[in-house]
Amino acid sequence: MLCEVVAAWADRPGGLLPALREAQLQLGYVPAEAVQVFADGFNISRAEVHGVLSFYHDFRTTPPPPTTIRLCRAEACQAVGAESVARALEAACGTTFGAEDASVVALETVYCFGNCAVGPTAEVNGRLVAQADAERLLSLAEVN
Ligand code: FES
């Protein structure tokens, strides 16, 4: 699969980023062994591939847990309590935002969903949630 993705993008200018995104869409993450495949396919160093993976926070290099809660922590959502929602989620889930070793729920920070008027805004497994609180998010995630 990785070789097919590389082949589809290797000849396009700026193709590395969409190719990595495509790999993540198909696998849920970009595995460590993919770095060499992309480096070879794009004729760049492994460090360059790793640099792109580590620069963009949406890329995962480990398998994702079954549930992902993404919480907006930009200013408008902060003003209506996003940080207290974040603390409650961390306490309930036993993990922290951005931790790659989460086994049940991944907590991810987003800076604006474009849904600012009804914040705090979050997303549970791709489902947008307005006026989110921790209890509701955990209920939607079927955690607890
Ligand atoms: S600031 Fe949170 S959705 Fe825009």
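Bear in mind the structure is a predicted one, so any value in this text is a computation, not a measurement.

Trainee: Is there a simple way to think about the overall build of the protein in this case?
Mentor: In terms of regular secondary structure, the protein is built from seven helices and four strands. Reading the helices (α) and strands (β) of the protein from amino to carboxyl end gives α-α-α-α-β-α-α-β-β-β-α. Here the protein holds 144 residues, and the buried ones make up 38% of them. Counting only contacts in the protein whose residues sit at least 6 apart along the sequence, the fraction spanning at least 24 positions is 59%. Surface exposure of the protein reaches about 8100 Å², of which carbon and sulfur atoms provide 51%. Put simply, the protein has 9 plus and 17 minus side-chain charges, and the middle of one group is 4 Å from the middle of the other.

Trainee: Explain helix H1 (residues 2-9) here, please?
Mentor: Two residues of an α-helix separated by three or four positions point the same way, owing to the 3.6 residues in each turn. Regarding H1, the residues found buried are Leu 2, Val 5 and Val 6. For H1, the angular spread of the buried residues around the axis is 95 degrees, confining them to a single face. Facing away from the buried surface of H1 by more than 90 degrees, the exposed residues are Cys 3, Glu 4 and Ala 7. On its buried side, H1 packs onto helix H2 (16-27) and helix H3 (34-42).

Trainee: Where do I start with the pairing of strand E1 (residues 67-72) in this structure?
Mentor: Consecutive side chains of a regular strand alternate in pointing toward one face of the sheet and then the other. Extensive coverage of E1 is indicated by the burial of five of its six residues. Across six bridges, the pairing between E1 and strand E2 (residues 105-110) is parallel. Across the sheet, residue Cys 72 finds its bridge partner in E2, namely Val 110. Alignment of E1 against strand E3 (residues 122-124), held across three bridges, turns out to be antiparallel. Within the sheet, the bridge partner assigned to Ile 69 lies in E3 and is Val 124.

Trainee: What should I look at first to understand the packing of H1 against H2 in this one?
Mentor: Axes are the key here: two packed helices are described by the angle between their axes and the distance separating the axes. At a minimum axis distance of 9 Å, the contact between H1 and H2 shows a crossing angle of 150 degrees. When the axis of H1 is compared with that of H2, the two are roughly antiparallel. With respect to the hand of their crossing, H1 and H2 are arranged in right-handed fashion. In contact with Leu 2, Val 5 and Trp 9 of H1, H2 contributes Pro 18, Ala 19, Glu 22, Ala 23, Gln 26 and Leu 27. Its residues assigned to classes, the contact of H1 with H2 comprises seven nonpolar, one polar and one charged.

Calculation criteria
Residues numbered from 1 in each chain as written. Predicted model: local features only at pLDDT ≥ 70, side-chain atom pairs only at ≥ 80, totals over all residues. Heavy atoms only, no water. Helix = DSSP H or I, 4+ residues; strand = E, 2+ residues; numbered from the N terminus. Buried < 20%, exposed > 50% of the residue type's maximum accessible area, 1.4 Å probe, protein only. Contact = heavy atoms within 4.5 Å. Areas by Shrake-Rupley, 256 points an atom, 1.4 Å probe, with all protein chains shown as cover. Lys, Arg positive; Asp, Glu negative; His and termini not counted. Charge placed at Lys NZ, Arg CZ, Asp CG, Glu CD. Arc of directions from axis to C-beta. Pairing = 2+ DSSP bridges. Axes fitted to C-alpha atoms, helices over the stretch in contact; angles between N-to-C directions. Parallel < 35°, antiparallel > 145°, perpendicular 65-115°, else oblique. Left-handed = near helix turned anticlockwise from the far one by under 90°. Nonpolar A, V, L, I, M, F, W, Y, C, P; charged D, E, K, R; others polar.

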